[in-house]
Amino acid sequence: MSAVTTNGAVLSIRGLERRFGEHEVIRKLDLSLGPGERVALWGPNGSGKTTVLRCIAGTIAPSGGEIRVGPHPAGELEARRLVGASLSQERSFYLRLSGHANLLFFARVRFGDEREAARHVAAVEEEFELGEFAPQRVDRCSSGMIQQLGLGRALLGDPALLLLDEPTKSLDAAARKRLWSALERRPGTAVLMATHLEEDLARCGERVQLPV
Amino acid sequence: MAAVVRRDYHVARSYRLPFVLDLFYGVINLVVFFFISRTFGDTAADLDAAPDYFSFAAVGIALMIVLAAASTGLAARIREEQLTGTLEALVAQPLTTTEVALGLAGFPFLFAIVRAGFYILVAAAFMGLDISETDWIGFASVLLVAGVALSGLGVLFGALVLLVKRGEVLAGMVTTGMGLVSGAFFPVSVLPDWLEPLGAIMPTRFAFDGLRDAIFRGEGWGGDVLALTGFATLSLPLAIFVFHEALRHARRTGSLGQY
């Protein structure tokens, strides 16, 4: 499965618009990411950073413009296979299940094969040092723990494009270090990160500012 | 799809007491109808193949559980995913619309089949339900095909929840209404004249007739299974198409993450 378009981009956005009723959240956004590029979307609260990520993940349809993930329109099944997303972590896990069971569920959905799913989960649990709290039920985990689970889930199977919404917001210094190391170990992965934190911005090669 | 069913099983099992109570809820219903039947004794109404009113109602109770799970189970699951916020995370995964719809309907449906079988066995063991003539292949076939046929309705209700959020209330009302007019708890022949034709064309009617035939006569359920299969063949693809469109609408309006 190809992860790039004919012009070599993993992500290609042209003239993206998104309105909610009369309120125009995103206006004519153009953006392109090649393999290994790391771009920060930044801007104040309400500037539409998360909305851009959701449009790419396919959970919100654009009001106008075009988004392609690899050669596929965003939201299509093949496009979703190429994307690993960490969005609104606190409300995206099954709280009655352990972190491990959650990761295993999302891995099964993504890979189908039980062994492969277990292998990918073991890999991210080791990489993010989740061994201690992954067996706990998610409703007993702190925000920082849940955020690390969200990052682990996004990285399952090393997707071609990573969408990270304020990925370091609740992380302590050690967890932040693990995240940056995980990204360094994936030089071919394109990363689009919504953030307004200086440290995150400094780690990205390019910044795209969204107006209010 | 199997991953979603398995996840729902683990979530249901995490609520240990409600999980067990769920299993025993139908037994209470059976006991109520057992004593109603003993209070009023023999009835002159046509009870299809059932030898007495309790036998008639016991089959109705068991099947209503499967029908309710198949038709309202998905609506309830989607509502739960909306409330917990996991719906958006789920539809961002590489799953087809069919996998999402049938995966979410899967566990409530399979659990309901187990419960229905359990209730029939309890009624036979402790309340005198006669299963000596039962054709168990027919019994299993009717339960399975009735559940699949009614799943089409469930997928439609799931689409309704995607659109209006609280659609599961309507789903419950419609399923109960369908059960009442098609012979779940009392024979269709006692309905007012104007309601009888409605009861006769309900897909649930074939399910009740077929299951009673399989249990009490050990034959005559084939036609009902055929009718239910026909209904499933038409309704399920249509319902999945509507669910797909509802999902598209939710993406367009940005309401997947809302509750």
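What you are looking at is a predicted structure, and each value in this text was computed from that prediction instead of being measured.

Peer 1: Describe the overall build of chain A, naming the residues involved and giving the relevant values.
Peer 2: Summing up its helical and strand segments, chain A has 7 helices and 9 strands in all. Scaling as 2.2 N^0.38, a compact globule of 212 residues should have a C-alpha radius of gyration of about 17 Å, and chain A matches this with 17 Å. Viewed in the frame of its principal axes, chain A has a C-alpha envelope of about 45 × 35 × 35 Å. Taking as baseline every contact in chain A between residues at least 6 positions apart, the subset at least 24 positions apart corresponds to 70%.

Peer 1: Describe in detail the overall build of chain B, supporting the description with residues and values.
Peer 2: Each helix and strand in chain B was counted, giving 10 helices and 0 strands. Tracing chain B from N to C terminus, the helices and strands come up as α-α-α-α-α-α-α-α-α-α. By its C-alpha atoms, chain B is 60 × 40 × 30 Å across when sized along the principal axes. Counting all 259 residues of chain B, 50% fall into the buried class. Summarising the internal contacts of chain B: among those between residues at least 6 apart in sequence, 80% fall at separations of at least 24.

Peer 1: How would you explain helix α3 (residues 99-111) of chain A if you had to name every residue and give the values?
Peer 2: Under the 1.5 Å per step criterion, the end-to-end length of α3(A) is 18 Å for 13 residues, consistent within 8% with the ideal 18 Å. Within α3(A), 12 of the 13 residues are buried, which leaves the element mostly enclosed by the surrounding structure. Taken together, the buried positions of α3(A) are occupied by Gly99(A), His100(A), Ala101(A), Asn102(A), Leu103(A), Leu104(A), Phe105(A), Phe106(A), Ala107(A), Arg108(A), Val109(A) and Arg110(A). Looking at the buried residues of α3(A), the elements they touch are α4 (114-127) and α5 (143-155) of chain A together with α1 (2-14) of chain B.

Peer 1: Residues and numbers for the confidence of the model for chain A, please.
Peer 2: Looking at chain A, the pLDDT average stands at 90 and 95% of residues meet or exceed 70. No element of chain A has a lower mean pLDDT than strand β9 (residues 206-209) of chain A, at 84, and none a higher one than strand β4 (residues 64-69) of chain A, at 95.

Peer 1: Tell me what's going on with the interface of chain A and chain B, and back it up with residues and numbers.
Peer 2: Chain A puts 25 residues into the contact, and the matching count from chain B is 21 residues. Among the secondary structure elements, those contributing two or more residues to the side of chain A that touches chain B are α2 (77-82) and α3 of chain A. Ranked by residues supplied to the side of chain A that touches chain B, first place goes to α3(A) with 6 residues.

Peer 1: Talk me through the packing of helix α3 (residues 53-84) of chain B against helix α7 (residues 168-181) of chain B; I want residue IDs and the actual numbers.
Peer 2: Residues and elements named next belong to chain B. Remark: α3 packs on α7, axes separated minimally by 9 Å, with the N-to-C direction vectors making an angle of 170°. With respect to α7, the axis of α3 lies roughly antiparallel. Along the contact surface, α3 presents Met64, Leu67, Ala68, Ser71, Thr72, Ala75, Ala76 and Arg79, while α7 presents Glu168, Ala171, Gly172, Thr175 and Gly179. Looking at side-chain class alone, the contact of α3 with α7 contains 6 nonpolar, 5 polar and 2 charged residues.

Peer 1: Just give me the short version of the sheet that holds strand β1 (residues 11-20) of chain A, but keep the residues and values in it.
Peer 2: Residues and elements named next belong to chain A. Read from one edge of the open sheet, 4 strands run β2-β1-β4-β5, paired in antiparallel fashion. Only two strands of the sheet have a single neighbouring strand rather than two, namely β2 (23-33) and β5 (72-73). Where β4 and β5 come together, 2 bridges link them in antiparallel fashion. Paired with Val69 across the bridge in β5 is His72. This element, helix α1 (residues 49-57), spans β1, β2 and β4 of the sheet and lies at about 115° to β1.

Peer 1: Describe in detail the sheet that holds strand β8 (residues 190-195) of chain A, supporting the description with residues and values.
Peer 2: Residue and element names in this part refer to chain A. Reading across the sheet, the 5 strands line up as β6-β7-β8-β3-β9 and stay open at both edges, with parallel pairing between neighbours. Both edges of this open sheet fall to β6 (83-86) and β9, since each of them pairs with a single strand only. Strand-to-strand, the axes of this sheet are offset by a mean angle of 15°, without reference to chain direction. Judged from the 5 bridges that link them, strand β7 (residues 161-165) and β8 form a sheet pairing that is parallel.

Peer 1: Residue-level account of the environment of Gly26(B), with values.
Peer 2: Residues and elements named next belong to chain B. Within the fold, Gly26 resides in helix α2 (residues 16-40). Separated by 120 residues in sequence, Gly26 and Ala146 place their C-alpha atoms 19 Å apart. In this view, Gly26 contacts Ile61, Ile65, Arg115 and Tyr119; residues no more than four positions away in its chain are not counted.

Peer 1: How would you sum up the packing of helix α5 (residues 97-126) of chain B against helix α6 (residues 136-164) of chain B? Please name residues and give values.
Peer 2: All names here are of chain B. Running from N to C, α5 and α6 point in directions that differ by 140°, and their axes come no closer than 10 Å. The angle between the axes of α5 and α6 places the two elements in the oblique class. Relative to α6, the crossing made by α5 is right-handed. Here α5 contributes Ala101, Ala105, Phe109, Ile113 and Ala116 to the contact with α6, which in turn contributes Leu143, Gly147, Ser151, Gly154, Val155 and Gly158. A breakdown of the residues in the contact of α5 with α6 according to their chemical character gives 7 nonpolar, 4 polar and no charged.

Peer 1: Provide a residue-level description of the pairing of strand β3 (residues 38-42) of chain A, including the pertinent values.
Peer 2: Residue and element names in this part refer to chain A. In this sheet, β8 lies alongside β3 in parallel orientation, the contact comprising 5 bridges. Bridging from a neighbouring strand, Trp42 pairs with Thr195 of β8. As paired strands, β3 and β9 are joined by 4 bridges and run parallel to one another. Counterpart to Trp42 in the pairing with β9 is Gln209.

Peer 1: Residues and numbers for unusual backbone geometry, please.
Peer 2: Residue and element names in this part refer to chain A. The backbone of Glu129 sits at a positive phi, close to 50°, despite the residue not being glycine. Mapped onto the elements, Glu129 comes out in the loop between α4 and α5. One non-glycine residue, Asp158, lies in the positive phi region at around 50°. Since 14 C-beta atoms lie within 10 Å of it, Asp158 is described here as partly exposed.

Rules and cut-offs
Residues numbered from 1 in each chain as written. Chains lettered and ligands numbered in written order. Predicted model: local features only at pLDDT ≥ 70, side-chain atom pairs only at ≥ 80, totals over all residues. Helix = DSSP H or I, 4+ residues; strand = E, 2+ residues; numbered from the N terminus. Rg over C-alpha atoms; globule rule 2.2 N^0.38 Å. Contact = placed C-beta atoms within 7 Å. Buried ≥ 20, exposed ≤ 12 C-beta atoms within 10 Å, placed from the backbone. Expected span 1.5 Å × (residues − 1). pLDDT = per-residue confidence, 0-100. Axes fitted to C-alpha atoms, helices over the stretch in contact; angles between N-to-C directions. Parallel < 35°, antiparallel > 145°, perpendicular 65-115°, else oblique. Nonpolar A, V, L, I, M, F, W, Y, C, P; charged D, E, K, R; others polar. Pairing = 2+ DSSP bridges. Left-handed = near helix turned anticlockwise from the far one by under 90°.

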